[in-house]
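Residue-level listing of the chains:
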Amino acid sequence: MMEGTERNNEAVRPLLGKTALVTGAGRGIGRAVALTLASQGAAVAVNYNGSEAQAREVVAQIESMGGQAQAVCCDVSDFAACGKMAEEIAARYGHVDILVNNAGVTRDNLILRMTEEEYDRVLEINLKGAFNTIRHLSRYFLKQRSGKVINITSVSGIMGNGGQANYAASKAGLIGLTKSVARELAGKGISVNAVAPGFIDTDMTGKLSDSARGKLLERIPMGHAGAAEDVARLVAFLAGAGSDYITGQVICVDGGMCM
Ligand code: NAP
């Protein structure tokens, strides 16, 4: 009887007992990922930089479902601050099992007009931010001999995108980072994969003009934008035991945009 209940729990909440850090989890895709991982039983550290109220709302929502969560403020581009965040989470939960590098920004411009600041800031957050968290958390993953890292890249990093030289470079770099660290840690029980969303309805894409939106939609075989939850479901799969033999992969969630 007891065994049956445990098996039931495992099926409904496969991430029970796991701890996850999701960066940029107050809004958009990160928020959906945090809520999905929590609904599957994980305790979630909800990282934010500017959106404190939204992050606290995500924590409250997780707690109201009977889950465990905490809001953690940290600019992921700050190496030392990421070290402190990793220590805080490990001290609180005793282990860290899942890292989702979701925090990301755009500063779109044509190459002739792109400023050094626009280029640097996008690379610092989208690419160095992921290095910072992986660098600090891999210490715990190695000690545990387990860990699941999921980096949110973009179809722009695979296909390129005019007006997004900085963003596409950061996301292509993230794919290189994913594959290199995957090779390095594969023998230690740690997997590292990337998820590449296409056009997902969030604040990031809400900034697009109607004509840019229309042009993007024309490139999607399924004919419509995705929802943050479409990405979150794949992230949850990669965070769970079902993905144990998968590492170094880049999986698109894009309605067929990139194939
Ligand atoms: P979003 O709604 O604009 O949210 C961006 C998130 O990144 C926010 O939670 C924000 O947190 C966080 N963030 C930004 N700078 C940060 C920093 N320095 N430190 C910590 N967190 C920071 O964007 P989204 O659409 O959900 O995008 C999430 C990820 O998916 C990004 O990596 C993006 O590149 C990728 N992606 C999105 C799409 C899409 O169509 N939406 C497509 C491909 C890839 P605060 O508000 O707290 O600062």
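One structure accompanies this document, and this report is about it. Given the structure is predicted, the values throughout are model-derived calculations rather than measurements.

Cut-off values and rules
- Residues numbered from 1 in each chain as written.
- Predicted model: local features only at pLDDT ≥ 70, side-chain atom pairs only at ≥ 80, totals over all residues.
- Heavy atoms only, no water.
- Helix = DSSP H or I, 4+ residues; strand = E, 2+ residues; numbered from the N terminus.
- Rg over C-alpha atoms; globule rule 2.2 N^0.38 Å.
- Buried < 20%, exposed > 50% of the residue type's maximum accessible area, 1.4 Å probe, protein only.
- Salt bridge = Lys/Arg side-chain N within 4 Å of Asp/Glu carboxyl O.
- Pairing = 2+ DSSP bridges.
- Axes fitted to C-alpha atoms, helices over the stretch in contact; angles between N-to-C directions.
- Near = heavy atom within 4 Å.
- Polar contact = N/O pair within 3.5 Å; in protein donor to acceptor, adjacent residues only side chain to side chain.
- Areas by Shrake-Rupley, 256 points an atom, 1.4 Å probe, with all protein chains shown as cover.
- Nonpolar A, V, L, I, M, F, W, Y, C, P; charged D, E, K, R; others polar.
- Parallel < 35°, antiparallel > 145°, perpendicular 65-115°, else oblique.
- Left-handed = near helix turned anticlockwise from the far one by under 90°.
- Contact = heavy atoms within 4.5 Å.
- 1 Å grid on protein atoms, 1.4 Å probe; cavity = no way out; pocket = protein on both sides within 12 Å on 5 of 7 lines; lining within 4 Å.
- Points joined across faces, edges and corners; volume = space filled by probe spheres on them.
- Core = buried A, V, L, I, M, F, W, Y, C linked by side-chain atoms within 4.5 Å.

Quick look at the overall build of the chain
Thinking step 1. A count of helices and strands for the chain gives 10 helices and seven strands.
Thinking step 2. What you see for the chain is a C-alpha radius of gyration of 18 Å, in line with the 18 Å of a compact globule of 259 residues.
Thinking step 3. Its C-alpha atoms put the chain at 65 × 40 × 40 Å along the principal axes.
Thinking step 4. Each of the 259 residues in the chain was classed as buried or not, and the buried ones make up 49%.

Things to note about the pattern of salt bridges
Thinking step 1. All chains considered together, the criterion is met by eight salt bridges.
Thinking step 2. Ionic pairing is found between Asp230 and Arg233, a salt bridge with its closest N-O pair at 2.6 Å. Here the residue Asp230 and the residue Arg233 both occupy positions in helix 10 (residues 228–239), the gap between them amounting to three residues, near one helical turn.

Points about the sheet that holds strand 2 (residues 43–48)
Thinking step 1. The seven strands lie next to each other as 3-2-1-4-5-6-7, forming an open sheet whose pairing is parallel. Because the sheet does not close on itself, it has two edges, and the strands there are strand 3 (69–73) and strand 7 (250–253). Across the sheet, the axes of successive neighbouring strands diverge by a mean angle of 20 degrees, strand direction being ignored.
Thinking step 2. Pairing analysis gives three bridges linking strand 1 (residues 19–22) to strand 4 (residues 98–101), with the strands arranged parallel.

Here we look at the site of the ligand
Thinking step 1. The local shell around the ligand holds 30 residues, among which Ser51, Asn102, Tyr167, Ile200 and Thr202 are the closest.
Thinking step 2. Contacts to the ligand include Gly50, whose backbone N or O atom sits 2.9 Å from an oxygen atom.
Thinking step 3. A distance of 3.3 Å is found between an oxygen atom of the ligand and a backbone nitrogen or oxygen belonging to Gly104.
Thinking step 4. For the ligand, the accessible surface in isolation is 890 Å², of which the surrounding protein chains cover 95%.
Thinking step 5. Those elements that place two or more of their residues in the shell around the ligand are helix 2 (28–39), strand 2, helix 7 (165–185) and helix 8 (203–206).
Thinking step 6. When residues of the shell around the ligand are assigned to their parent elements, the largest contribution, three residues, is made by helix 8.
Thinking step 7. Looking at the shell around the ligand, its residues break down into 13 nonpolar, 13 polar and four charged.

Re the packing of helix 5 (residues 116–144) against helix 7
Thinking step 1. Orientation of helix 5 relative to helix 7, taken along the N-to-C sense of each, is 15 degrees, at an axis distance of 8 Å. In terms of orientation, helix 5 lies roughly parallel with respect to helix 7. Considering how the two elements wind past one another, helix 5 and helix 7 form a crossing that is right-handed. Contacts from Glu118, Tyr119, Val122, Leu123, Asn126, Leu127, Ala130, Phe131, Ile134 and Leu142 in helix 5 reach Asn166, Tyr167, Ala169, Ser170, Lys171, Gly173, Leu174, Leu177, Val181 and Leu185 in helix 7.
Thinking step 2. Of the residues assigned to the contact of helix 5 with helix 7, the class counts are 14 nonpolar, four polar and two charged.

Focus: empty space enclosed by the protein
Gaps left between atoms are located by rolling a probe of water-molecule size over the structure's atoms.
Thinking step 1. In total, this model carries one cavity of 30 Å³ or more according to the counting rule given.
Thinking step 2. Space inside the largest cavity adds up to approximately 50 Å³.
Thinking step 3. In this structure, the largest cavity is lined by Thr23, Val76, Asn101, Asn102, Ala103, Ile125, Asn126, Gly129, Ala130 and Leu174.
Thinking step 4. At four residues, the largest contribution of residues to the lining of the largest cavity is made by helix 5.
Thinking step 5. Residue composition of the lining of the largest cavity, grouped by class: five nonpolar, five polar and no charged.

Concerning the side chain of His136
Thinking step 1. Considering the arrangement of structural elements, one finds His136 in helix 5.
Thinking step 2. Under the relative-accessibility criterion, His136 is labelled buried at 15%.
Thinking step 3. Polar side-chain contacts of His136 include one of 2.9 Å to the backbone oxygen of Phe79.
Thinking step 4. The residues touching His136, leaving out its near neighbours within four places in the chain, are Phe79, Cys82, Gly83 and Ala86.

Regarding the nonpolar core
Thinking step 1. In this structure, Leu37, Val44, Val46, Val100, Ile150 and Val195 are the most contacted members of the largest nonpolar core, which totals 35 residues.
Thinking step 2. Sorting the residues of this core by element identifies strand 1, helix 2, strand 2, helix 3 (52–64), strand 4, strand 5 (147–152) and helix 10 as the ones contributing at least two each.
Thinking step 3. Ranked by residue count, the leading element in this core is helix 10, at eight residues.
Thinking step 4. The contacts of Val100, once residues within four sequence positions are left out, are Leu21, Val22, Thr23, Val33, Leu37, Ile150, Ile152 and Val235.

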